[in-house]
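Each chain is listed here by its residues.
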Amino acid sequence: MISVLMSTFNGQDYIGEQLESILNQTIQLDEVVIIDDCSSDKTCEIIENFINKHDLNRKWFLHRNNLNKGWKKNFIDGLSMITGDYVLFSDQDDIWFKNKIEESLKCMDTSNCEVVCTDEVEWSGNEEVVLNNQFPSGSMVDLNDKRNYLIHCSGCSMMLNMNYVRKVLPYYVQGCAHDDFFWKISLLDGTLCKISQPLFLHRIHGNNESRKKRNYKSTLENTQKELRVVDRLIEYIDATKYDRTSEEYQKLLNLLLHKKQGFKLRNELLTKKKIYLSMLLIFRYSDIFRHNKELIKDIYLALRN
């Protein structure tokens, strides 16, 4: 049984195309759960008309929040409504290729994985840019490269085993993006698989949450959140990797302690303006950044603040 979980908010401009692309998949869906976060436009009306038009009332469900929760909490809370064996996350403004679910399920069935993610095509409505994250198709993502700890996909590319979701969800940290959490924890478990094939158009426009510019407050909050996440991940491996003397456990613990120290130093750089720490971050903990320019931005924000 396959489910889709979608979060919506003022998405009237694009929601219709996304609903069509989900309906027209090569594999029939068993359940679509849409949670609207107090839209003030015609998003809910469009969804309801679409459900009625295609007689989907027994499989597609629209839930309206009484209060705006934000997309992170919307997705996490929505998981409790899912009844399928597998769930795919969906944004409100993308367009799925017809074989997105089919290819994701094929990978899930043939690999020893709990989380599958795919490549995507960034699309502005005219120009298309294929994003390939350089993992062999169907390969398990591992920790041989410390930068793999940083998420290399969009949440709307993911399919997850719901039994696994229920197992790991108690270790979720409030405020963490759902996709980032599931990427990290399945990476530690060795159950994360990557399909190097673009399976949807990721629409780029002026209101994408992932493209909002960071400021001092958001950077500091994110760094402190990362510290909480690392602590919870250490708790997780302590609870699931019973042999503390094993090479696997030591490798995971050392990685997480390394990340924790890096984020501690980043926090000190931001809060105490210890600019000299940037040298240590560059030469020893650069893997906590996607690009060196992120560290340069941190220095700028620390001095400016």
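Heads up: the structure comes first, above all this text.
Basis of the calculations
Residues numbered from 1 in each chain as written. Predicted model: local features only at pLDDT ≥ 70, side-chain atom pairs only at ≥ 80, totals over all residues. Heavy atoms only, no water. Salt bridge = Lys/Arg side-chain N within 4 Å of Asp/Glu carboxyl O. Helix = DSSP H or I, 4+ residues; strand = E, 2+ residues; numbered from the N terminus. Buried < 20%, exposed > 50% of the residue type's maximum accessible area, 1.4 Å probe, protein only. Axes fitted to C-alpha atoms, helices over the stretch in contact; angles between N-to-C directions. Parallel < 35°, antiparallel > 145°, perpendicular 65-115°, else oblique. Left-handed = near helix turned anticlockwise from the far one by under 90°. Contact = heavy atoms within 4.5 Å. Pairing = 2+ DSSP bridges. Phe/Tyr/Trp six-rings, centres within 6.5 Å; stacked < 30°, edge-to-face > 60°. Lys NZ or Arg CZ within 6 Å of the ring centre and 35° of its normal.

*Asks:* Explain the pattern of salt bridges residue by residue, including any values.
*Replies:* When their charged atoms lie close together, side chains carrying opposite charge are able to pair. Counting across every chain of the model gives 16 salt bridges. The salt bridge involving D189 is made with K241; its shortest N-O contact spans 3.4 Å. Of the two residues, D189 is situated in helix 6 (residues 178–189) and K241 in the loop between helix 7 (216–240) and helix 8 (247–272); the sequence distance between them amounts to 52 residues. In this structure D189 comes out as buried when scored by relative accessible area, which is 16%. Within this structure, K69, K73 and D77 form a network of salt bridges that share partners.

*Asks:* Go over the packing of helix 1 (residues 15–23) against helix 2 (residues 43–53), please, and point to the residues and values.
*Replies:* The description of two packed helices rests on the angle between their axes and on the distance between the axes. Taken N-terminus to C-terminus, the directions of helix 1 and helix 2 make an angle of 30°; their axes are 10 Å apart at the nearest point. On the basis of their axis angle, the class for helix 1 and helix 2 is roughly parallel. The two elements helix 1 and helix 2 cross, and the hand of that crossing is right-handed. Judged by residue contacts, I15, G16, L19, E20 and L23 of helix 1 engage I46, I47 and F50 from helix 2.

*Asks:* Could you give me a rundown of the pairing of strand 2 (residues 31–36), with the residues and numbers involved?
*Replies:* For strand 2, a buried count of six out of six residues is recorded, marking the element as mostly surrounded by other parts of the structure. Here strand 2 shows no split at all, with E31, V33 and I35 on one side and V32, I34 and D36 on the other all buried. Across six bridges, strand 1 (residues 2–8) lies against strand 2 in parallel orientation. Paired with S7 across the bridge in strand 2 is I35. Both strand 2 and strand 3 (residues 60–64) contribute to a ladder of five bridges, which runs parallel.

*Asks:* Give me the packing of aromatic side chains: which residues, what numbers.
*Replies:* Counted according to the given criterion, the structure contains six aromatic pairs. Between Y171 and Y236, the aromatic rings sit 5.1 Å apart at their centres with planes inclined by 80°, giving edge-to-face as the arrangement. You can see Y171 sitting in the loop between helix 5 (162–168) and helix 6 and its partner Y236 sitting in helix 7, a full 65 residues away along the chain. On the accessibility criterion, Y171 (18% relative accessible area) is buried. Every member of this aromatic cluster is reached through a ring pair, and the members are F75, F89, Y172, F181 and F182. Taking the ring centre of W96 as reference, the NZ or CZ of K100 above it sits at 4.1 Å. Across the ring face of F200, the terminal group of K100 is positioned such that the distance to the ring centre comes to 5.6 Å.

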